[in-house]
Amino acid sequence: MTNHQPSTLDPQLPYRAGWIHFTNVAPILDPLVLPPSVTAITGVPTEMNEALLTGRVDIANISAVEFIRHADTLAALPDFSVAVLGPVYSVNLFHTCSLPDMRRIALTSQSAMSVALLEVLLREWGLSPVLERAEGEAEELLAAGYDGVLRIGDSALKEWYGVVGPFTDETIVPEIPQTGRGITVTDLAEEWFKVTGRPFVFAVWAYRKDNPPPAELLKAMRSARRSGIGHLAEVSARHALKLGLPEDVVQHYLWNFRYHLEEADRQALRLFADRAVPGHAELCFGPCE
Ligand SMILES: C=C(O[C@@H]1C=C(C(=O)O)C=C[C@H]1O)C(=O)O
């Protein structure tokens, strides 16, 4: 991948955005009408992390841990996040033995944040299994001999439902089962909540400090989020169809997210940063010098 100069150096060039295209960003991305001065590409978290860090894009919703690791050069929008308080349903450790018995865990290559979260939780639990990158469906990898499989995003949401579903009308409230077909699903955001009582921030919208986004992009993003959250039933119905999941499950999945990066989220992210990346530079939620 080639390095590009920040586009602020040439105001004639478009401002380039990178969007993680998972369903959990749909309430912001589906209604988004980009200003003419902005272009966009899409990809999975590790692709968007790389696109921002190599200068292929100017802003992206990236794994929050990459923002932390590069806090000397990156800033985050102060009011945008993909966060939850409690379960997230799409960042899952699938396992067949108990957590302390796990020896070997397969990690998805799409994720940076969930891997960092798993490492923090393993330390918390006093466990040190071998962690390896391996692709494939959770059930296949478990059958192939892994004790645990970490999956994120839409495929993790679908695999979670495949294990714990189908639901009756009453299942969603108050408690969703975590086992089925001999598999347990440990929701990492819920585990973080059990340890800290805090939200967990998976993604922030980050940009290089010297290259902040144009005001018209922020305005378009805020207006899109308002519209997406205001029409969550329609957004959910559209994505339920794409995912092959029931509408009420997708609606529950989406209304559960915190898209506004409030003070509680920023504090929780700092707490995570201190545990995951000791010695990190101070986190700046723009505008930053
Ligand atoms: C909750 C999720 O969050 C995503 C998970 C990320 C990661 O693990 O690196 C990065 C960005 C988030 O949007 C998910 O995709 O399931």
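Residues numbered from 1 in each chain as written. Predicted model: local features only at pLDDT ≥ 70, side-chain atom pairs only at ≥ 80, totals over all residues. Heavy atoms only, no water.

## Concerning the side chain of Ser-63
- Relative to the helices and strands, Ser-63 resides in strand 3 (residues 59–63).
- For Ser-63, the contacting residues outside a window of four places in its chain are Pro-45, Asn-49, Ala-112, Met-113 and Phe-202. (Helix = DSSP H or I, 4+ residues; strand = E, 2+ residues; numbered from the N terminus. Contact = heavy atoms within 4.5 Å.)

## A short note on the nonpolar core
- Phe-67, Trp-160, Phe-202, Trp-205, Leu-269 and Phe-272 are the most contacted members of the largest nonpolar core, which has 105 residues in total.
- Both of domain 1 (7–84 + 199–276) and domain 2 (91–196) provide at least three residues apiece to this core.
- The contacts of Phe-272, once residues within four sequence positions are left out, are Val-65, Ile-68, Met-113, Ala-116, Leu-117, Val-120, Trp-192 and Phe-200. (Core = buried A, V, L, I, M, F, W, Y, C linked by side-chain atoms within 4.5 Å. Buried < 20%, exposed > 50% of the residue type's maximum accessible area, 1.4 Å probe, protein only. Domains from an automatic or database assignment.)

## Here we look at the site of the ligand
- Contacts to the ligand come from 16 residues, most closely from Ser-63, Ser-90, Ser-111, Met-113 and Ser-114.
- Contact between the ligand and Met-113: an oxygen atom at 2.8 Å from a main-chain N or O atom of the residue.
- For the ligand, the protein covers 100% of the area, taking 390 Å² as the surface of the free molecule.
- Of all elements in the fold, only helix 4 (113–125) and strand 11 (200–208) reach the threshold of two or more residues within the shell around the ligand.
- Residue classes in the shell around the ligand are distributed as 10 nonpolar, 6 polar and no charged.
- A domain split of the shell around the ligand shows at least three residues from each of domain 1 (7–84 + 199–276) and domain 2 (91–196). (Near = heavy atom within 4 Å. Polar contact = N/O pair within 3.5 Å; in protein donor to acceptor, adjacent residues only side chain to side chain. Areas by Shrake-Rupley, 256 points an atom, 1.4 Å probe, with all protein chains shown as cover. Nonpolar A, V, L, I, M, F, W, Y, C, P; charged D, E, K, R; others polar.)

## Things to note about the side chain of Glu-159
- Secondary-structure assignment places Glu-159 in helix 6 (residues 153–164).
- One buried charged residue, Glu-159, forms no salt bridge at all, with the nearest opposite charge on Arg-151 at 4.6 Å.
- When neighbours within four sequence positions are excluded, Glu-159 is seen to be in contact with Phe-94, Glu-137, Ala-138, Glu-139 and Arg-151. (Lys, Arg positive; Asp, Glu negative; His and termini not counted. Salt bridge = Lys/Arg side-chain N within 4 Å of Asp/Glu carboxyl O.)

## Some points on the packing of helix 9 (residues 232–243) against helix 10 (residues 247–255)
- Running from amino to carboxyl end, helix 9 crosses helix 10 at an angle of 120°, the nearest separation of the two axes being 8 Å. The angle between helix 9 and helix 10 falls in the class oblique. The two elements helix 9 and helix 10 meet at a crossing, and its hand is right-handed. Residues Leu-232, Ala-233, Val-235, Ser-236, Ala-237, His-239, Ala-240 and Leu-243 of helix 9 pack against Glu-247, Val-250, Gln-251, Leu-254 and Trp-255 of helix 10.
- Of the residues in the contact of helix 9 with helix 10, the class split is 9 nonpolar, 3 polar and 1 charged. (Axes fitted to C-alpha atoms, helices over the stretch in contact; angles between N-to-C directions. Parallel < 35°, antiparallel > 145°, perpendicular 65-115°, else oblique. Left-handed = near helix turned anticlockwise from the far one by under 90°.)

## Observations regarding the domain arrangement of the protein chain
- Segmentation of the protein chain into domains returns domain 1 (7–84 + 199–276) and domain 2 (91–196).
- Each partner contributes to the interface: domain 1 provides 29 residues, whereas domain 2 provides 26 residues.
- Taken together, both faces of the contact between domain 1 and domain 2 bury some 2,300 Å²; the carbon and sulfur share is 75%.
- On the surface where domain 1 and domain 2 come into contact, there are 1 salt bridge.
- Across the salt bridge formed by Arg-275 and Glu-124, the nearest N and O atoms sit 3.5 Å from each other.
- Taken together, the connections running from domain 1 to domain 2 amount to 5 residue pairs in polar contact (both at pLDDT 80 or more).
- Of all elements in the fold, only helix 2 (45–53), helix 3 (64–69), strand 11, helix 10 and helix 11 (263–276) reach the threshold of two or more residues within the side of domain 1 that touches domain 2.
- Broken down by element, the side of domain 1 that touches domain 2 gets its largest block of residues, 6 residues, from helix 11.
- Split by residue class, the side of domain 1 that touches domain 2 holds 20 nonpolar, 5 polar and 4 charged. (Buried area = accessible area lost by both parts, 1.4 Å probe.)

## Examining the sheet that holds strand 3
- Overall, mixed pairing links the 5 strands, which are arranged 2-1-3-11-4 in an open sheet. On the outer flanks of this sheet lie strand 2 (38–43) and strand 4 (74–84), each paired with one strand and no other. Between one strand and the next, the sheet's axes are offset by a mean angle of 30°, whatever the strand orientation.
- Looking at chain direction, strand 3 and strand 11 are connected through 5 bridges and run antiparallel. Its bridge partner being in strand 11, Ser-63 is matched across the sheet by Ala-203.
- Along the sheet, helix 4 makes contact with strand 3 and strand 11, crossing strand 11 at roughly 135°. (Pairing = 2+ DSSP bridges.)

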